[in-house]
Amino acid sequence: METPPKAPSQALAQGNDHPLRLALANEVHARPFLSLAAPERATHLAMTSGEQGAAGDHAHLTALCQRYGVAFPPPGANHFVAELDGYRLKWERHTEFCTWTFLKAGPFATPFAQNAIDFAPPDWVAAIPGARLVAVHVAVLARADDNPSPEDLGEWLHADYLVGSVVAGRAATAWTDFRLHPDGFARIVVQDHGLGTRQSGRLVQRLLEIETYRTMAMLALPMAREIAPKISTVDSDLLAIMDAMPNAQALPEQRALLDRLSALAGRIEQATAASAFRFGAANAYADLVGHRTQELREERIEGLQTYREFLERRFAPAMRTCQSTAERLTQLSQRLTRAVALLRTRVDIAVEAQNQALLGSMDRRARLQLRLQQTVEGLSVAAITYYTVALAAYGARALEAAGMHIDKDVATGVAIPLVAIAVWLGLRRFRKSLEKDERK
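Residues numbered from 1 in each chain as written. Predicted model: local features only at pLDDT ≥ 70, side-chain atom pairs only at ≥ 80, totals over all residues. Heavy atoms only, no water.

Novice: What is the right way to look at the pattern of salt bridges in this model?
Specialist: A side chain with one charge can pair with a side chain of the opposite charge if their charged atoms come near. In this structure the tally under the stated criterion is 15 salt bridges. The shortest N-O distance in the salt bridge between Asp57 and Arg93 comes to 2.5 Å. Of this pair, Asp57 sits in helix 3 (residues 54–68) while Arg93 is found in strand 3 (residues 88–93), placing the two residues 36 residues apart along the sequence. Grouping residues by exposure puts Asp57 and Arg93 together as buried. Counted as one network, the salt bridges with shared partners bring together Arg206, Glu209, Arg292 and Glu295. (Salt bridge = Lys/Arg side-chain N within 4 Å of Asp/Glu carboxyl O. Helix = DSSP H or I, 4+ residues; strand = E, 2+ residues; numbered from the N terminus. Buried < 20%, exposed > 50% of the residue type's maximum accessible area, 1.4 Å probe, protein only.)

Okay, structure coming up:
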């Protein structure tokens, strides 16, 4: 029986896939939302274990899974959810921090009297790697309950700092105070009015991400406050150097100004290198906070600030300070670069003028040396001629003493021009030979 031909889709599936195809396809499904069913409690931690802390975080998670006898994630994983003994754990590894979210389903009498993290082993919780930067308790109240009264909210949260709004298309109401309570945790209360389990999970995660990314973005603010005075100092020094530049005509003065400019540029480049990652991360985190706040779809509760209003009044100015500091650094670096280029050009022109003067001086010395050489050459002809004719005179005298009829005076007189011409031609030929060797 003849085998039917394969469908084009089957033939294509056997082709040579790009090595990143599967990873890229799965990337959009990474870090899925959890399902929550009110009433439920959650505790969220963000620990700054650093970019090199992934192995330590994974090892700590593996130790917890082994304690409960459940499967643990493979090395290199950045997301994991586990059902443990009476509670759930969601773990996520980010670039510079790691989040641990504990969830406990079921009714509770009073929010925050007992929290989800209280069901995890205390010794294991105490040993979580990294420094705690974000810690939040969340209480999701059942839809059958009425909205908590102002007195209840005042007991659970700071009434003077209360922030709240109706969210998720009026399917829930969320309150917080953006304050740390005596246990070191912030608190969020969510009243379910008709959330689905997936919708509830998305809402809680957005609220937690607003808190997490807001705090991570704020890490740049102390750095901005530390760098700002340095920028002002360098700016003043640059202005002073630019004012002194027109009056610096001598090369040593210009070089001294160039050294000062180079030192200022080095300080700014050092500050830029130290802050570039932090400021860039702050911008990214701030964008995420804005997106997550928009996704809440808030409606105002009379008398309370919404999340957006609170963040625009408190968080946005801090981010603008960081952005302004980063922009000032960039602009100052560019100004220093232009000033260094300008002053270096002036120094190069001055050095070139010095070089031209030096070359002119060397040219004058060469001409003087040539004239001296020509003078010495004439004297050399006379001297060599003199001594050669003297030797010839001694020879003529010897021949005359030997009995030959030679007039030594006549012989000496005749020898003078002949010897002089011969010496001059010899020196000229020798000089041309040296010049020919130099051209080679």
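Don't stop here, the text continues.
Novice: Would you take a moment to explain the pairing of strand 4 (residues 98–105) for this structure?
Specialist: On a regular strand, one side chain projects to one face of the sheet and the next to the other, so that they alternate. Across the eight residues of strand 4, seven count as buried, placing the element largely inside the fold. As paired strands, strand 1 (residues 40–48) and strand 4 are joined by eight bridges and run antiparallel to one another. Bridging from a neighbouring strand, Ala42 pairs with Leu103 of strand 4. Turn length for the strand 3-strand 4 hairpin, with the two strands adjacent in sequence and antiparallel, is four residues. (Pairing = 2+ DSSP bridges.)

Novice: Mind showing me how you'd approach the packing of aromatic side chains here?
Specialist: Aromatic ring pairs are reported here in terms of the distance separating the ring centres and the angle at which the planes meet. If you walk through the whole model with that rule in mind, you get nine aromatic pairs. With a centroid separation of 6.3 Å and 55° between ring planes, the pair formed by Trp91 and Trp100 is classed as tilted. The burial state of Trp91 is the same as that of Trp100; both residues are buried. Ring geometry for Phe178 against Tyr307: centres 5.5 Å apart, planes inclined by 70°, an arrangement best described as edge-to-face. Placement of the pair is Phe178 in the loop between strand 7 (172–176) and strand 8 (186–192) and Tyr307 in helix 9 (residues 307–401), with a sequence separation of 129 residues. Looking at Phe178, the relative accessible area reads 13%, which means it is buried. Relative accessible area serves as the criterion here: at 1%, Tyr307 is assigned to the buried category. An aromatic cluster is present here, built from Tyr68, Tyr87, Trp91, Trp100, Phe102 and Trp124 joined pairwise through their rings. For the cation-ring pair, Lys104 lies above Phe119, with the distance from its terminal atom to the ring centre recorded as 4.6 Å. Over the face of the ring belonging to Phe185 we find Arg132, whose NZ or CZ atom lies 5.3 Å from the ring centre. (Phe/Tyr/Trp six-rings, centres within 6.5 Å; stacked < 30°, edge-to-face > 60°. Lys NZ or Arg CZ within 6 Å of the ring centre and 35° of its normal.)

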